[in-house]
Amino acid sequence: MGCRVRTAKSDLLRLVVIEGSIAPDPHGRLPGRGASLHPDLACLELAERRRAFPRAFRLPGPLDVSALRHWFESQQDGL
């Protein structure tokens, strides 16, 4: 969604919207429409700049990305 590079589904992180906030779904079990993104902060920022999230989830208006950004930052800290 962010960088538009095609790759295997197993290499992407599934995202879902929960009450107007985008949440990571690493196990792919949460209900709702999903979108996929590389698990990389640069790809997240690119998707934000392109305003790709409302189109991908087919929802109007801006969506809250703060929980997703926090998840990405915590994953990078763990490396």
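For every chain, the first residue of the written sequence is number 1, and numbering continues from 1 along that sequence. The predicted nature of this model means local features are confined to residues of pLDDT at least 70 and side-chain atom pairs, given and counted, to a pLDDT of 80 or more, with totals for whole chains, interfaces and linings taken over all residues. The basis for every side-chain value is the complete set of heavy atoms in the structure, and neither hydrogens nor water enter the calculation.

Asker: What should I look at first to understand the overall build of the chain in this one?
Answerer: Helices and strands together make up the secondary structure of the chain, namely 3 helices and 3 strands. Secondary structure counts use DSSP, requiring at least four H or I residues in a row for a helix and at least two E residues in a row for a strand, with both numbered from the N terminus. Secondary structure of the chain in N-to-C order comes out as β-β-β-α-α-α. This radius of gyration counts C-alpha atoms alone. The globule rule is 2.2 Å times how many residues there are, raised to the power 0.38. In terms of C-alpha radius of gyration, the chain reaches 12 Å, essentially the compact-globule figure of 12 Å for 79 residues. For the chain, the C-alpha atoms occupy an extent of roughly 35 × 25 × 20 Å along the three principal directions. Looking at the 79 residues of the chain, the share that counts as buried comes to 29%. The criterion used for residue contact is that any of the two residues' heavy atoms lie within 4.5 Å. Long-range contacts, defined here as pairs at least 24 residues apart, represent 57% of the contacts in the chain between residues at least 6 apart. Residue exposure ignores everything except the shown protein chains as possible cover, and the areas themselves are Shrake-Rupley values with a 1.4 Å probe. As presented, the chain carries roughly 5,400 Å² of accessible surface, and 51% of it is formed by carbon and sulfur atoms. For each residue, the accessible area found with a 1.4 Å probe, counting protein chains only, is set against the maximum for its type, and the residue is called buried under 20%, exposed over 50%, and partly exposed in between.

Asker: Whenever I open this one, the confidence of the model for the chain confuses me. Can you help?
Answerer: Detailed reading of the predicted coordinates is not advisable wherever pLDDT falls low. With 97% of its residues at a pLDDT of 70 or more, the chain has an overall mean of 92. Mean pLDDT across the secondary structure elements of the chain bottoms out at helix α3 (residues 66-77), with 90, and peaks at strand β1 (residues 13-18), with 96. Per residue, pLDDT measures the predictor's confidence, with a range of 0 to 100.

Asker: Is there a simple way to explain the sheet that holds strand β3 (residues 34-37) in this structure?
Answerer: By the convention used here, strands pair only if DSSP detects at least 2 bridges between them. As summarised here, the arrangement of the 3 strands in space is β2-β1-β3, forming an open sheet in which the pairing is antiparallel. Unpaired on one side and paired on the other, β2 (21-25) and β3 mark the two borders of the sheet. Across the sheet, the mean angle from the axis of one strand to that of its neighbour is 40°, orientation sign disregarded. Relative to β2, β1 is paired through 5 bridges, and the arrangement is antiparallel. Along β2, the bridge assignment pairs V17 with I22. All axes are obtained by fitting lines to C-alpha atoms, using only the stretch in contact for helices, and the reported angles, taken between N-to-C directions, cover 0 to 180 degrees.

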